[in-house]
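Observations on the model geometry
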Amino acid sequence: MENGVILVAQRYLKLAAIYFTVGVLLGMVMGIIHDFRLTSVHAHFNLLGWVSMALFGLIYHFYPGAGQTKLAKTHFWLHNIGLPIMQISIALQITTENMAFLPITIVSSLLVVIGVILFTINLFQQVRPTPAP
Ligand code: HEM
Ligand code: HEM
């Protein structure tokens, strides 16, 4: 039980750091080659990857019980499957100008959005005042 709690928070923090690295590397490359077509991919790698996942990790560190629920686990997978597919699909859509990627972008974005809704429901159910002893 205790291990599982720590795992969810640690997994989020490590994944956040990976997204941070990829996000800043992409920003650096964009700056070097003066090609800003992938600005939104850079922004969302950093914001949905680094910032959001670091917050999920810290939240589950401070509210360990909340990270143990089925909602939290489902959210974890929706975010971590949806986000990379969404960003790769958007990047391919922009660079190849092929609209065939649009349905993949839509479905993967929806996975992330549904995950965020589950995260919100989970926090409302799990984060509450502790009963007086
Ligand atoms: C060394 C690290 C970073 C580099 C080299 C970098 C580089 C860039 C570049 C070149 C752009 C495009 C600017 C333009 O279109 O004029 C950009 C945009 C952006 N970056 Fe970064 N970035 C870095 C870190 C971050 C981080 C950590 C975040 C978020 C936590 C972030 C969020 C954004 C956002 C939201 C935009 C879009 C801004 C807009 O809409 O005008 N960046 N970045
Ligand atoms: C599934 C969730 C999300 C979807 C579907 C989404 C969608 C979009 C779209 C369609 C754009 C316009 C991109 C463009 O002009 O090329 C955009 C821009 C932006 N979004 Fe999001 N977004 C999401 C989550 C977030 C979150 C969580 C943040 C902040 C924490 C955020 C911050 C931004 C910023 C700063 C921009 C401007 C970046 C730029 O100049 O390209 N987004 N988003």
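Residues numbered from 1 in each chain as written. Chains lettered and ligands numbered in written order. Predicted model: local features only at pLDDT ≥ 70, side-chain atom pairs only at ≥ 80, totals over all residues. Heavy atoms only, no water.

Brief notes about the site of ligand 1
Filter applied, for reference: Whether a residue is near a molecule or strand depends on its heavy atoms: it is near if one of them lies within 4 Å of it. Counted as a polar contact is a pair of N or O atoms within 3.5 Å, where, for protein atoms, one must be capable of donating a hydrogen and the other of accepting one, and residues adjacent in sequence contribute only when both atoms are in side chains. Only DSSP runs of H or I with at least four residues qualify as helices, and only runs of E with at least two residues qualify as strands; both kinds are numbered from the N terminus onward.
Residues in close proximity to ligand 1 include Phe20, Val24, Gly27, Met28, Met30, Phe36, Thr39, His42, Ala43, Asn46, Leu47 and Val51, which together make up its full environment. The contact in question runs from a nitrogen atom of ligand 1 to an N or O atom on the side chain of histidine 42, over 2.8 Å. In terms of residue count, helix α2 (residues 39–62) provides more of the shell around ligand 1 than any other element does, six residues in total.

Focus on the UniProt feature "transmembrane region" (unreviewed entry) in the protein chain
The test is simple: UniProt positions are given in the numbering used here, feature names are shortened, and annotations may be inferred rather than shown by experiment.
Within the UniProt annotation, "transmembrane region" (unreviewed entry) is assigned to residues 12–33, 45–63, 75–94 and 100–124. A helix fraction of 95% and a strand fraction of 0% characterise residues 45–63, whose end C-alpha atoms lie 25 Å from each other. Span residues 100–124 is 92% helix and 0% strand, its end C-alpha atoms 38 Å apart.

Focus on the site of ligand 2
Convention followed: Throughout, the ten residues Ala, Val, Leu, Ile, Met, Phe, Trp, Tyr, Cys and Pro are labelled nonpolar, Asp, Glu, Lys and Arg are labelled charged, and all others, Gly among them, are labelled polar.
Around ligand 2, the surrounding shell consists of Ser40, Ala43, His44, Leu47, Leu48, Met86, Ser109, Val112 and Val113. Separating a nitrogen atom of ligand 2 from a side-chain N or O atom of histidine 44 is a distance of 2.9 Å. Of all the secondary-structure elements, those providing two or more residues to the shell around ligand 2 are α2 and α4 (102–126). With five residues, α2 is the largest single contributor of residues to the shell around ligand 2. Of the residues contributing to the shell around ligand 2, the split by class is six nonpolar, three polar and no charged.

Comments concerning α2
To keep things clear, this is the line we draw: A helix is expected to span 1.5 Å for every residue after the first. To get the bend at a given residue, fit one axis to the seven residues ending there, fit another to the seven starting there, and take the angle between those axes. Classification of residues uses two cut-offs on accessible area relative to the type maximum, computed with a 1.4 Å probe and protein chains only: under 20% is buried, over 50% is exposed, and between them is partly exposed.
For α2, which comprises 24 residues, the first-to-last C-alpha distance of 33 Å matches the rise-based estimate of 34 Å (1.5 Å per residue) to within 8%. Along α2, the largest kink reaches about 25° and is centred on serine 52. Considered for burial, the residues of α2 that qualify are Val41, His42, Phe45, Asn46, Leu48, Gly49, Ser52, Met53, Ala54, Phe56, Gly57 and Tyr60.

Observations concerning the side chain of histidine 79
Note the threshold: Should any heavy atoms of two residues lie within 4.5 Å, those residues are counted as being in contact.
Within the secondary structure layout, histidine 79 lies in helix α3 (residues 70–96). Apart from the residues lying within four places of it in its own chain, the contact partners of histidine 79 are Leu48, Met53, Phe56, Pro84 and Val112.

Quick notes on the coordination of the iron atom of ligand 2
Reference values for angles at a metal are 109.5 degrees in the four-donor tetrahedral case and 90 or 180 degrees in the six-donor octahedral case. For clarity, the threshold we go by: Note that water is not among the atoms used; donors are N, O and S atoms within 2.8 Å of the metal (3.2 Å for Na, K and Ca), so sites may look incomplete.
No other protein atom reaches the iron atom of ligand 2 as a donor apart from His44 (NE2), found 2.1 Å away. Tracing the backbone through its elements, the reader meets histidine 44 in helix α2.

Section: the coordination of the iron atom of ligand 1
There is one protein donor for the iron atom of ligand 1, and it is His42 (NE2), at 2.0 Å. Along the chain, the position of histidine 42 falls in helix α2.

Section: a nonpolar patch on the surface
What counts is decided by this rule: Each patch is built from residues lacking any salt bridge and having more than 30% relative accessible area; the joining distance is 9 Å for like charges and 5 Å for nonpolar side chains (Val, Leu, Ile, Met, Phe, Trp, Tyr). In short, Shrake-Rupley with a 1.4 Å probe defines the accessible areas, and a residue's cover is counted only from the protein chains shown. We count a salt bridge whenever a side-chain nitrogen from Lys or Arg sits within 4 Å of a carboxyl oxygen from Asp or Glu.
A cluster of nonpolar side chains, Met99, Leu102, Ile106, Leu110, Val113, Ile114, Ile117 and Ile121, forms an exposed patch at the surface whose accessible area comes to about 680 Å². Structurally, isoleucine 117 can be placed in helix α4. The exposure class of isoleucine 117 is partly exposed, given its relative accessible area of 45%.

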